[in-house]
Structures are given as structure tokens and as C-alpha cells.
Amino acid sequence: DVRLDVFDMTGRFIRTIVSCEMDAGVHRMIWDATDMKNRQVSAGVYVYNLTAGKRILAVKTILAR
């Protein structure tokens, strides 16, 4: 099971990009910079959490417009 969630810098949940079972390997996901209500989010720093099985990876990313 793989889950990719996006949060703002205050920890507020923005959107789930993917939540499904995936085969091992390289995958590419694209976030359209919208929240769960399909509203555009502002430019800034965001954190994405990637959970795959028991592994969790948290990475900061910059959204520039």
C-alpha cells in the first residue's frame, strides 16, 4: 500500500495525491497544486509524506508560481 499526502508548513493537510496498492519500482506522480476541494494553493513550502508499507518519507518541496 502506498500513500502520498501533501501538508503545508503548519501541518495542515492539503491533499492526498495517491492512495492505492502499487508494484515495487519507480513511479511518477503529479500534483496540480490544488487542495481537496480543487482550489489552487498559494506558492510556498509544502511537505509531502510518502508511506509505503512500514516506511515513511517526509520531504519539503517548494511550489513556485
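The structure reproduced in this document is the subject of the present report. (Residues numbered from 1 in each chain as written. Predicted model: local features only at pLDDT ≥ 70, side-chain atom pairs only at ≥ 80, totals over all residues. Heavy atoms only, no water.)

## Here we look at the side chain of Asp 8
Here is step 1 of the chain: As for its position among the elements, Asp 8 is in strand S1 (residues 2-8).
Here is step 2 of the chain: Judged by its relative accessible area of 13%, Asp 8 falls in the buried class.
Here is step 3 of the chain: At 2.8 Å, the side chain of Asp 8 forms a polar contact with the backbone nitrogen of Arg 12.
Here is step 4 of the chain: Setting aside anything within four residues of it in sequence, one finds Asp 8 in contact with Ile 14, Val 45 and Tyr 46. (Helix = DSSP H or I, 4+ residues; strand = E, 2+ residues; numbered from the N terminus. Buried < 20%, exposed > 50% of the residue type's maximum accessible area, 1.4 Å probe, protein only. Polar contact = N/O pair within 3.5 Å; in protein donor to acceptor, adjacent residues only side chain to side chain. Contact = heavy atoms within 4.5 Å.)

## Quick notes on the side chain of Thr 16
Here is step 1 of the chain: Here Thr 16 is to be found in strand S2 (residues 13-20).
Here is step 2 of the chain: Polar contacts involving the side chain of Thr 16 include one to the side chain of Arg 3, which spans 3.1 Å.
Here is step 3 of the chain: Of note is the side chain of Thr 16, whose polar atom sits 2.7 Å from the side chain of Asp 5.
Here is step 4 of the chain: Setting aside residues up to four positions removed in sequence, Thr 16 forms contacts with Arg 3, Leu 4, Asp 5 and Met 36.

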